[in-house]
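Examination of the molecular architecture
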Amino acid sequence: MRSLPLTFCAALVAGTIALPASAALAAPAADEPRDEKRSGTVSVSPSRVSPGGEVELRVDVCGKGRSARGNSEAFVSEARFEPGGGKELVAEARIRSDAAPDDYEVWVTCKDGHGKATGTVTVVHHGRPSPVAPVRAGGGGTAVLAQETAADEGPGTRHAVIGLGLGAVAAFAVALRSARRRRPAQH
């Protein structure tokens, strides 16, 4: 019966000894040169944009103080990245005004060749026209429509007859009430 706990304890001791050794072998030594080529993703904001619009690009694979260049078939020209907060590089890019609605790949290359990143920007076309100055007051031009409708449907003969009838009923009710108050009370 005592052999089972003894076996369990021996396995636990062997595992505890082997764990630090395997972790030390897995970690690269500090003296060894690391591979500086890194890959990552480009953050595009907004990710959906109309032709002629601007997007902000962010990437963090190039490291602090470095620079990068970004390209896409949707861009008017090459995007040049500048240091942002921390290790991030930031750039702005304008979308071509003749860009067709589609998903376009964005690729960034670090200037010193130590990293690359990719992302996607979606070009969309809006079916509605944009407002043109000056904008008419009243909810974007509805005041003009309301004026035209009111002019077409103004009070006619029917409205005048109804108004006169209601006025006559009101006058009769006032006269009747006044006549009741003037009568002396009969006991």
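In this report, we go over the structure that sits alongside the text. (Residues numbered from 1 in each chain as written. Predicted model: local features only at pLDDT ≥ 70, side-chain atom pairs only at ≥ 80, totals over all residues. Heavy atoms only, no water.)

1. What about unusual backbone geometry?
Along the chain, serine 45 connects to proline 46 via a cis peptide bond; the corresponding omega equals -5°. Along the polypeptide, proline 46 turns up in the loop between β2 (43-45) and β3 (48-49). (Helix = DSSP H or I, 4+ residues; strand = E, 2+ residues; numbered from the N terminus.)

2. Observations concerning the side chain of serine 72
On the secondary structure map, serine 72 appears in strand β5 (residues 68-72). At 2.9 Å, the side chain of serine 72 and the backbone oxygen of glutamate 105 are in polar contact. Apart from the residues within four sequence positions on either side, serine 72 is in contact with Tyr104, Glu105, Val106 and Trp107. (Polar contact = N/O pair within 3.5 Å; in protein donor to acceptor, adjacent residues only side chain to side chain. Contact = heavy atoms within 4.5 Å.)

3. Some remarks on the pairing of β5
Of the two faces of β5, only one is covered, namely that formed by Ala68, Gly70 and Ser72; the face formed by Arg69 and Asn71 stays uncovered. By the bridge criterion, three bridges tie β5 to strand β6 (residues 79-83) in an arrangement that is antiparallel. Paired with glycine 70 across the strands is alanine 79, a residue of β6. Between the end of β5 and the start of β6, which pair antiparallel, lie six residues. (Buried < 20%, exposed > 50% of the residue type's maximum accessible area, 1.4 Å probe, protein only. Pairing = 2+ DSSP bridges.)

4. Thoughts on the pattern of salt bridges
Pairing between side chains becomes possible if they bear opposite charge and their charged atoms approach one another. Under the definition given, this model contains six salt bridges. For arginine 58, the salt bridge is made with glutamate 56, and the minimal N-O distance between the two is 3.2 Å. For glutamate 56, a relative accessible area of 28% corresponds to the partly exposed category. One salt bridge connects glutamate 78 with arginine 69, and the closest N-O pair in it is separated by 3.2 Å. A relative accessible area of 30% means that glutamate 78 is categorised as partly exposed. Counted as one network, the salt bridges with shared partners bring together Glu56, Arg58 and Glu88. (Salt bridge = Lys/Arg side-chain N within 4 Å of Asp/Glu carboxyl O.)

5. Some details on the nonpolar core
Counting 25 residues, the largest nonpolar core has Val55, Leu57, Phe81, Ile95 and Val121 as the members making the most contacts within it. Of all elements in the fold, only β4 (54-59), β6, β7 (89-94), β8 (102-110) and β9 (115-123) reach the threshold of two or more residues within this core. Counting residues per element, this core draws most heavily on β8, which supplies four residues. When neighbours within four sequence positions are excluded, isoleucine 95 is seen to be in contact with Val49, Ser50, Pro51, Gly52, Gly53, Val55, Ala74, Phe75, Val76, Val121 and Val123. (Core = buried A, V, L, I, M, F, W, Y, C linked by side-chain atoms within 4.5 Å.)

6. Details of the pairing of β4
Of the two faces of β4, the one holding Val55, Leu57 and Val59 is buried and the one holding Glu54, Glu56 and Arg58 is not buried anywhere. Across six bridges, the pairing between β4 and β7 is antiparallel. What sits directly across from valine 59, in β7, is leucine 89.

7. A closer look at the environment of serine 97
Residue placement: serine 97 occurs in the loop between β7 and β8. Distance from serine 97 to serine 50, taken between C-alpha atoms, is 8.2 Å for residues 47 residues apart in sequence. Non-local contacts of serine 97, meaning those with residues more than four positions away in its chain, are made with Pro51 and Gly52.

By themselves these figures say nothing about function.
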